[in-house]
Amino acid sequence: MTENVWTRWPSREALGRSGISQPRRMLARSVRLVVLALLLWGAFSRSHVHGWEIVAAVAGVGVIAVASWGFYRTTYSHRLLPSLVLIGVLLALAVVAEASGFQGPALVIWCGCGISALERLPIAVAVPVTTVALASFSAFNNDVWLTTAATAVGLALAGYVMRLDAEARGHAQRMLDQERAARAAEAESAALAERTRIAREIHDVLAHSLSAQMVHLEAARLLIERGADREQILERVVAARGMARDGLAETRQALSALRGEMTPLEDFLTEIVASTDGAEVTVTGERKGLPAEASQTVRRVAQEALTNVRKHAHGAKVQVRLDYQEHEVTLNVRDTGGRPGDLTDAGSGYGLLGMRERAELLGGSLEAGRDDEGFAVTLRVPV
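Every value quoted in this text rests on a predicted model; they were computed, and no experiment measured them.

1. A look at the overall build of the protein
Inference 1: Across its full length, the protein carries eleven helices and five strands.
Inference 2: Per-residue burial for the protein yields a buried fraction of 38% across its 383 residues.
Inference 3: Pairs at least 24 apart in sequence give 71% of the contacts found in the protein among residues at least 6 apart.
Inference 4: Only carbon and sulfur atoms are counted for the fraction: they give 61% of the accessible area of the protein, which is about 21,700 Å².

2. Describing helix α9 (residues 265-274)
Inference 1: All of the buried residues in α9 are Leu265, Glu266, Phe268, Leu269, Ile272 and Val273. Each buried residue of α9 lies within a common arc of 160 degrees when the element is viewed along its axis, so the set occupies one face. In α9, the exposed residues that point more than 90 degrees away from the buried face are Glu271 and Ala274.

3. Some points on helix α5 (residues 103-120)
Inference 1: The terminal C-alpha atoms of α5 lie 26 Å apart, and with 18 residues this matches the ideal 26 Å at 1.5 Å per residue to within 8%.
Inference 2: Among the 18 residues of α5, 15 are classified as buried, and the element is accordingly described as predominantly covered.

4. Digging into the pairing of strand β4 (residues 365-370)
Inference 1: Where β4 and strand β5 (residues 375-382) come together, six bridges link them in antiparallel fashion. In the strand pairing of β5, serine 365 is matched with arginine 380.
Inference 2: The turn joining β4 and β5, which pair antiparallel and follow one another in sequence, is formed by four residues.

5. Regarding a nonpolar patch on the surface
Inference 1: On the surface, Val63, Leu81, Val85 and Val89 cluster together into a nonpolar patch covering about 340 Å² of accessible area.
Inference 2: Ranked by residues supplied to the nonpolar patch, first place goes to helix α4 (residues 80-99) with three residues.
Inference 3: The class of valine 89 is partly exposed, set by a relative accessible area of 33%.

6. Concerning the side chain of threonine 130
Inference 1: Within the element layout of this structure, threonine 130 appears in helix α6 (residues 123-140).
Inference 2: Non-local contacts of threonine 130, meaning those with residues more than four positions away in its chain, are made with Gly114, Ala117 and Leu118.

7. Brief notes about the packing of α9 against helix α10 (residues 292-312)
Inference 1: Put simply, α9 and α10 touch, their axes get as near as 11 Å, and they point 15 degrees apart. The orientation of α9 relative to α10 falls into the category roughly parallel. Regarding α9 and α10, the two cross each other, and that crossing is right-handed. Across the interface between the two elements, Leu265, Phe268, Leu269, Ile272 and Val273 from α9 touch Ser295, Val298, Arg299, Arg300, Ala302, Gln303 and Leu306 from α10.
Inference 2: Of the residues in the contact of α9 with α10, the class split is eight nonpolar, two polar and two charged.

Procedures and definitions
- Residues numbered from 1 in each chain as written.
- Predicted model: local features only at pLDDT ≥ 70, side-chain atom pairs only at ≥ 80, totals over all residues.
- Heavy atoms only, no water.
- Helix = DSSP H or I, 4+ residues; strand = E, 2+ residues; numbered from the N terminus.
- Buried < 20%, exposed > 50% of the residue type's maximum accessible area, 1.4 Å probe, protein only.
- Contact = heavy atoms within 4.5 Å.
- Areas by Shrake-Rupley, 256 points an atom, 1.4 Å probe, with all protein chains shown as cover.
- Arc of directions from axis to C-beta.
- Expected span 1.5 Å × (residues − 1).
- Pairing = 2+ DSSP bridges.
- Patch = residues over 30% accessible without salt bridge, like charges linked within 9 Å, V, L, I, M, F, W, Y side chains within 5 Å.
- Salt bridge = Lys/Arg side-chain N within 4 Å of Asp/Glu carboxyl O.
- Axes fitted to C-alpha atoms, helices over the stretch in contact; angles between N-to-C directions.
- Parallel < 35°, antiparallel > 145°, perpendicular 65-115°, else oblique.
- Left-handed = near helix turned anticlockwise from the far one by under 90°.
- Nonpolar A, V, L, I, M, F, W, Y, C, P; charged D, E, K, R; others polar.

Pasting the structure below:
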């Protein structure tokens, strides 16, 4: 619902000092000092001022200063009644000053009230107050009527221009505050996203590592049940221990990768393929740097796919193909099929489902299934 422009107060940002440059603050202080000097000069420039009249003049100037300060505070707080009372006191003091022969201070007060009312009060209230103040100024000013009228109109325009300038400054200050709040929210959101990304990365690494350890420990259990040789059992236990060690190393590597300290993707694929019998890797397309999370997704999918080959297709030949395209990178891991092992049901249960969810978070896709040649996993990630 739009607020009525006639009853709307200028914003607190417009009435306050926020966003005012140091030179403008110095100018405002100078204007106040000039006005105070005019009041004092008008009060003491009369030759008939003596004794108690001097004390009364000083007290009057003090009351004017206090009332002006109070008017600025109550308008800043958007308190209409106290503001009207205070500006009424100022107008009354101007009448008293005029009646006492202090015409100069009276004219200064009327002009100041007219300008300040237009600058700081709602328009519906400011217009009557400014009319009374400038009408009083015009009635008691000794200049010719044309000069007086031009001065009154100029003062009214000055007050309104100052109001527009203050509102523009207040709007700019609100926009700046909103921008700062948006930046703070964005930074908080980015920190939360980074924590989520790190947690997901560590989860994936540990899921893969624990799954591989489960394979070897389950194999060790089956060997024990079958009464296998001690060397065979020890081999599996040592392999599980190595997987645990590799899992810790991969966790550190993942954290380093998230900080931008990662080995090239092609080198990583070559390393993990070297540990799988009958596997080879091919890279096509123009090589390009990938975002950290996209690169990590490709690495995790390759690891998971090769782990599944070792678990479910013993003796299969594996072709790992990495294809760089203009707007995406594609990873294809295909095996020729092999003998299902005794450890088919072993593992963490996370598998390619988690990889698919991770790819979708990046706007990509993951497809996995059997075809005429064997089992294929295809990952597409936009870059």
